[in-house]
Amino acid sequence: MSEGPDARVEAGIAILSTLVFIAILVAVGSMNEGFGATGAYGVVAAVVVFILVMGGVGYWLSGKQGE
């Protein structure tokens, strides 16, 4: 058997994280009636949150492979 989480679990986590990112973008766009000046800050914040979440997930998954 292979070590670490199954590839389906890894793909599911990545897809879920991407869907959360898209949901944040849609929420920012709908709250600000488009992507104006304030919406741009929301988009930048969404990108930063996405990078941090994906980095955390990658770190967590790499720790699972060692088990």
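Anything mentioned here points back to the structure above.
Let me sum up the structure you'll find in this document. (Residues numbered from 1 in each chain as written. Predicted model: local features only at pLDDT ≥ 70, side-chain atom pairs only at ≥ 80, totals over all residues. Heavy atoms only, no water.)

Attention shifts here to the overall build of the protein chain. Helices and strands together make up the secondary structure of the protein chain, namely two helices and zero strands. Looking at the protein chain as a whole, 13% of its 67 residues are labelled buried. Across the protein chain, the fraction of contacts at a sequence separation of at least 24, relative to all contacts at a separation of at least 6, is 63%. Accessible surface, the protein chain as shown: approximately 4,900 Å² in total, 72% of it carbon and sulfur. (Helix = DSSP H or I, 4+ residues; strand = E, 2+ residues; numbered from the N terminus. Buried < 20%, exposed > 50% of the residue type's maximum accessible area, 1.4 Å probe, protein only. Contact = heavy atoms within 4.5 Å. Areas by Shrake-Rupley, 256 points an atom, 1.4 Å probe, with all protein chains shown as cover.)

Together, Ile-15, Leu-19, Ile-22 and Val-26 make up a nonpolar patch on the protein surface, roughly 380 Å² of accessible area in all. Locating Ile-15 in the fold gives a position in helix H1 (residues 7-31). The exposure class of Ile-15 is exposed, given its relative accessible area of 51%. (Patch = residues over 30% accessible without salt bridge, like charges linked within 9 Å, V, L, I, M, F, W, Y side chains within 5 Å. Salt bridge = Lys/Arg side-chain N within 4 Å of Asp/Glu carboxyl O.)

Next up on the list: the environment of Ala-14. Positionally, Ala-14 belongs in helix H1. Judged by relative accessible area, Ala-14 falls into the partly exposed class, the value being 28%. Here the alpha-carbon distance between Ala-14 and Val-53, two residues 39 residues apart in the chain, equals 9.9 Å.

Moving on, we get to the environment of Gly-42. With respect to the helices, strands and loops of the structure, Gly-42 is situated in helix H2 (residues 37-65). For Gly-42, a relative accessible area of 16% translates into the label buried. Remark: the alpha-carbon pair of Gly-42 and Gly-29, spanning 13 residues in sequence, is separated by 8.5 Å.

Inspection of the secondary structure puts Ser-17 in helix H1. Residues within four places of Ser-17 in sequence aside, it is in contact with Phe-50, Val-53, Met-54 and Val-57.

This brings us to the environment of Leu-25. Following the sequence through the fold, Leu-25 ends up in helix H1. On the basis of relative accessible area, Leu-25 is assigned to the partly exposed category, the value being 21%.

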